[in-house]
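Tertiary structure, described
Read off the chains here:
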Amino acid sequence: MGFEVFDKSEIEQYKAEAKARWGNTQAYQDFSQRVATQSQEEQNEIANQLSGQFSGLGALRHLPPAAEEVQEKIAALQKFITDHYYVCTDEILQGLGQMYVGDERFRKNIDRAGGDGTAAFVQQVISVYCSQEERM
């Protein structure tokens, strides 16, 4: 992923790791096809918008993860990922949430975008969001 907030030296490493781990999935193939049609400027703009998603979520850390406003932000994040990268199913979203806290690099960069604790908060919000039966 081309997160603008991420250290540029890490981008190539992320790309290689993503390809090794998910290269034969439909989501990765969709991502590769979308990115191939985007200019570097477009990729940077999308990455900045994604960073803004995390910034917005970070601003809501004072609310409980199940708060309606927070849940709406996660729905918007899921839609953003689907619109710009690949179809982000609830299963993929949950995996992303785990990666946001389980991978120190993601945690650090998401916290940089939204403030300390944002990655952990986002993971909690995703967990609540994906467990809501009435949404499904």
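In the block above lies the structure referred to throughout.
1. Quick word on the packing of aromatic side chains
- In total, this model carries four aromatic pairs according to the counting rule given.
- Between the aromatic rings of F80 and Y85, the centroid separation amounts to 6.4 Å while the plane-to-plane angle is 65°, which identifies the pairing as edge-to-face. Y85 carries the same exposure label as F80, and that label is buried.
- On the numbers, 6.3 Å between centres and 35° between planes, the contact of Y100 with F106 is tilted. The same class applies to Y100 as to F106, namely buried.
- Following the ring pairs from residue to residue traces out a cluster consisting of F31, F80 and Y85.

2. A closer look at the side chain of Q38
- Position of Q38 among the secondary structure elements: in the loop between α2 (26–36) and α3 (40–58).
- The residues touching Q38, leaving out its near neighbours within four places in the chain, are Q43, I46 and H84.

3. Comments concerning the nonpolar core
- The biggest cluster of nonpolar side chains holds 32 residues, and the ones touching the most others in it are F54, I74, I81, Y85 and Y100.
- Secondary-structure elements contributing two or more residues to this core are α2, α3, α4 (68–84), α5 (90–102), α6 (104–114) and α7 (118–131).
- For this core, the element with the most residues is α7, which contributes seven residues.

What counts as what
- Residues numbered from 1 in each chain as written.
- Predicted model: local features only at pLDDT ≥ 70, side-chain atom pairs only at ≥ 80, totals over all residues.
- Heavy atoms only, no water.
- Phe/Tyr/Trp six-rings, centres within 6.5 Å; stacked < 30°, edge-to-face > 60°.
- Buried < 20%, exposed > 50% of the residue type's maximum accessible area, 1.4 Å probe, protein only.
- Helix = DSSP H or I, 4+ residues; strand = E, 2+ residues; numbered from the N terminus.
- Contact = heavy atoms within 4.5 Å.
- Core = buried A, V, L, I, M, F, W, Y, C linked by side-chain atoms within 4.5 Å.

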